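Survey of secondary and tertiary structure
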Amino acid sequence: MLSVERAEHGDWAVLHISGELDLVSSAVVRRRVHDVVADGCHHLVLDLSGVRFCDSSGVGVLIAARRLLHSCRGALRLILPARGAVEGSHVNRVLAALGVRRLFDVHPDVPAATGGVADGPGTLTA
């Protein structure tokens, strides 16, 4: 089961996602990302620290979200836990295995993701 909760942090919308991001649930995340953009917010953080499983459909949603925010001249940041964390690290491994991790601006938590200038795609702030 997937859970998506929205929060606001300054100019950033944050979607806290937990559960499994797969073929069935990825449509929910896609819709929520589009809702954020339709509401006029072009700065989005996807908190994936609670995601236990992510398949290629989930990765496709992340790439599509990046493309959508880029087309709006916005920004997308991901929250992924450091290696060794029980949840969320699966997403980190999947993105790395597929060679797309470098496409994303990755942060360890919400304050790091919303608090300053981006370090650039593929970086993990400490």
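Let me begin by describing the structure that accompanies this report.

Definitions and cut-offs
- Residues numbered from 1 in each chain as written.
- Predicted model: local features only at pLDDT ≥ 70, side-chain atom pairs only at ≥ 80, totals over all residues.
- Heavy atoms only, no water.
- Salt bridge = Lys/Arg side-chain N within 4 Å of Asp/Glu carboxyl O.
- Axes fitted to C-alpha atoms, helices over the stretch in contact; angles between N-to-C directions.
- Helix = DSSP H or I, 4+ residues; strand = E, 2+ residues; numbered from the N terminus.
- Parallel < 35°, antiparallel > 145°, perpendicular 65-115°, else oblique.
- Left-handed = near helix turned anticlockwise from the far one by under 90°.
- Contact = heavy atoms within 4.5 Å.
- Expected span 1.5 Å × (residues − 1).
- Buried < 20%, exposed > 50% of the residue type's maximum accessible area, 1.4 Å probe, protein only.
- Arc of directions from axis to C-beta.

Notes on the pattern of salt bridges
Going through the model one piece at a time under the given rule, you end up with three salt bridges. In the salt-bridge network here, residues are joined through shared partners; they are Arg6, Glu8 and Asp39.

Let's talk about the packing of helix 1 (residues 26–38) against helix 2 (residues 56–71)
Look at helix 1 against helix 2: their axes get within 9 Å of each other, and the N-to-C directions meet at 10°. Judged on the interaxial angle alone, helix 2 and helix 1 are roughly parallel. Both helix 1 and helix 2 take part in a crossing whose hand is right-handed. Residues Ser26, Val29, Arg30, Val33, His34 and Val37 of helix 1 form the contact with helix 2, whose own contacting residues are Ser57, Gly58, Val61, Ala65, Leu68 and Leu69.

Concerning helix 2
Here helix 2 spans 22 Å end to end across 16 residues, near enough to the 22 Å set by a 1.5 Å rise per residue. All of the buried residues along helix 2 are Ser57, Gly58, Val59, Val61, Leu62, Ala65, Leu68 and Leu69. Packed against the buried residues of helix 2 are strand 2 (12–21), helix 1, strand 3 (43–54), strand 4 (75–79) and helix 3 (89–97). Once helix 2 finishes, Arg73 follows within two positions and takes phi at roughly 60°, a positive value.

Some words on helix 1
If you check helix 1, its first and last C-alpha atoms are 18 Å apart, about what 13 residues at 1.5 Å a residue would give, namely 18 Å. All buried positions along helix 1 are accounted for by Ser26, Val29, Val33, Val36 and Val37. An end-on view of helix 1 places all buried positions within 95° of arc, on one side of the element. Just downstream of helix 1 lies Gly40, where phi reads positive at about 95°.

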